[in-house]
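Working through the structure, step by step
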Amino acid sequence: MRPHGWRLRDRTGNPTLCVMRAAVLHEHGATPRVGEFDDPGDAPDGVCVQVAAAGLHHLDLHKASGTFYMGPPPLPSVVGTDGVGRLDDGRRVYFDGTVAPYGSMCERTLVPRDALLDVADGVDDAVAAALGNTGLAAWLALTWRGGLQAGETVLVLGATGAVGSVAVQAAKLLGAGRVVAADRADERLGRALERGADAVVEIDAAGDLAEAIRDAADGGVDLTIDTLWGAPAVAAMQAVNRYARHVEIGNMAGAELTLPAPMIRSVSLDIRGFSVAHPPLDLKRDAYLELTQHAGRGDIAVDLERVPLAHVATAWERQRQAAGGPKQVLIP
């Protein structure tokens, strides 16, 4: 590929290309491989960030597939959407956008100057990276899209996932009166009770799921944060209060559902979509700083696994299988 930046000079003073290690995509839909890639250097269209940690998301696989709605990435290119790193002056930043062909899963990347967010002191780099795309999705789905009001009852569908786990904790911090965590039965669901949930619901248990949600909510639900969609979403919509909001941010349980019109009309149910790409940048800056402040104080815990960049292929396949478990964070 064409060199993007020059960082070193040889003994005669002539510029020489510097390379770095990166997770490189060579074919759309394929698993990236670790190899050498041109260093971004200094460029007029961005600032160079020394990457400390980069979260791995389903979004990364979607982009790499070549079918993402914003178009396929160039080939070859570095994979990864967001990360945490440092500028040359030592400032620690979170970024959720890069200048193509650079991504976040590399030693250094190129980031638009207006896409840098400050990270609170006292929070670990890997935790800060895990709270990027994932944490912002949970926080802003509750606040900006869901309009959570103090004292309301919140249901989190998919509470054992990375976004759902943060949503349970964030809902309590934001003033929810009652928080219900719902997901398949496993030890992580029980852990939600230690992190702010007032009740849990096993969505794979026998019986009427809507009734189980109503019982756990001690009445009805005011706001649902939904990472599942499918049948669990329909059950949740049958357990809401009048004027409830249902925020859809994922579809791990299925991309389609059958939704009877009277079920929406009878309670004036408001169904809202959410993408973390849509909130204004200033709103994301404020939300991310608040999130990392909470994490630094221990108010929000994140289950994560630090994965060396050399093992990106294994981490990529685990993410593809949607096996659940801790948030994978790549460490260059």
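Described below are features of the structure shown in this document. (Residues numbered from 1 in each chain as written. Predicted model: local features only at pLDDT ≥ 70, side-chain atom pairs only at ≥ 80, totals over all residues. Heavy atoms only, no water.)

Moving on, we come to the side chain of Thr292. Within the secondary structure layout, Thr292 lies in helix α9 (residues 281-297). A relative accessible area of 0% places Thr292 in the buried class. Separated by 3.2 Å, the side chain of Thr292 and the backbone nitrogen of Ala120 make a polar contact. Beyond its immediate stretch of four places on either side in the chain, Thr292 contacts Val119, Ala120 and Val123. (Helix = DSSP H or I, 4+ residues; strand = E, 2+ residues; numbered from the N terminus. Buried < 20%, exposed > 50% of the residue type's maximum accessible area, 1.4 Å probe, protein only. Polar contact = N/O pair within 3.5 Å; in protein donor to acceptor, adjacent residues only side chain to side chain. Contact = heavy atoms within 4.5 Å.)

With that out of the way, let us pick up the packing of helix α3 (residues 133-145) against α9. How two helices pack is summed up by the angle between their axes together with the distance between the axes. In the contact formed by α3 and α9, the axes pass within 10 Å of each other and the chain directions differ by 115 degrees. In this view, α3 runs roughly perpendicular relative to α9, as classed from their interaxial angle. Seen along the crossing, α3 lies across α9 with a hand that is right-handed. Together, Gly135, Leu136, Trp139, Leu140 and Trp144 of α3 and Leu283, Lys284, Ala287, Tyr288, Glu290, Leu291 and His294 of α9 make up the contact between the two elements. (Axes fitted to C-alpha atoms, helices over the stretch in contact; angles between N-to-C directions. Parallel < 35°, antiparallel > 145°, perpendicular 65-115°, else oblique. Left-handed = near helix turned anticlockwise from the far one by under 90°.)

So, on to unusual backbone geometry. The peptide bond linking Leu75 to Pro76 adopts the cis configuration, its omega dihedral lying at -10 degrees. A cis amide bond links Ala100 with the next residue in sequence, Pro101, at an omega value of 10 degrees. With respect to the helices, strands and loops of the structure, Pro101 is situated in the loop between β8 (92-95) and β9 (108-111). Positive phi values are uncommon outside glycine, yet Asp218 reaches one of about 60 degrees. Relative to the helices and strands, Asp218 resides in the loop between α6 (209-217) and β14 (221-226). Its identity as a non-glycine residue notwithstanding, Ser268 has a phi of 50 degrees, on the positive side. For Ser268, a relative accessible area of 40% corresponds to the partly exposed category.

Strands sit in the order β13-β12-β11-β14-β15-β16 across an open sheet of 6 strands; the sheet is parallel. If you trace the sheet from one side to the other, it starts and ends with β13 (199-202) and β16 (270-273), each paired once. Sheet twist, expressed as the average angle between the axes of neighbouring strands with direction ignored, equals 20 degrees. Bridge count between strand β12 (residues 178-183) and β13: 4 bridges; the pairing is parallel. Considered in β13, the bridge of Ala182 is made with Val201. Against the sheet, α6 engages β11 (153-157), β12, β13 and β14, with an angle of about 175 degrees to β13. Along the sheet face, helix α7 (residues 230-237) touches β11, β14, β15 (240-248) and β16 and points at about 155 degrees away from the line of β15. (Pairing = 2+ DSSP bridges.)

Before going further, it helps to spend a moment on the packing of aromatic side chains. One pass over the structure, following the stated rule, counts 4 aromatic pairs. On the numbers, 5.5 Å between centres and 85 degrees between planes, the contact of Phe37 with Tyr102 is edge-to-face. You can see Phe37 sitting in strand β4 (residues 33-38) and its partner Tyr102 sitting in the loop between β8 and β9, a full 65 residues away along the chain. A relative accessible area of 3% places Tyr102 in the buried class. With 4.7 Å between their ring centres and 55 degrees between their planes, Phe68 and Tyr69 make a pair best called tilted. Phe68 gets classed as buried once you look at its relative accessible area, which sits at 12%. (Phe/Tyr/Trp six-rings, centres within 6.5 Å; stacked < 30°, edge-to-face > 60°.)

A few words now on the nonpolar core. The biggest cluster of nonpolar side chains holds 47 residues, and the ones touching the most others in it are Leu136, Leu142, Val154 and Tyr288. Among the secondary structure elements, those contributing two or more residues to this core are α2 (125-130), α3, β11, α4 (162-173), β12, β14 and α9. Per-element accounting of this core gives the leading share, 7 residues, to α3. Not counting chain neighbours up to four residues away, the residues in contact with Leu136 comprise Tyr94, Leu131, Ala141, Phe274, Val276, Lys284, Ala287, Tyr288 and Leu291. (Core = buried A, V, L, I, M, F, W, Y, C linked by side-chain atoms within 4.5 Å.)

Buried residues of α6: Leu209, Ala210, Ile213, Ala216 and Ala217, and no others. For α6, the arc enclosing every buried residue in end-on projection is 130 degrees, short of the 170-degree limit, so these residues lie on one face. Contacts from the buried residues of α6 go to β11, β12, β13, β14 and α7. Measuring from the side-chain oxygen of the N-cap residue of α6 to the backbone nitrogen of Ala210 gives 3.0 Å; that N-cap residue is Asp208. With its phi angle positive at about 60 degrees, Asp218 sits one or two positions after the end of α6. (Arc of directions from axis to C-beta.)

Bear in mind that shape data such as this cannot, by itself, settle questions of function.
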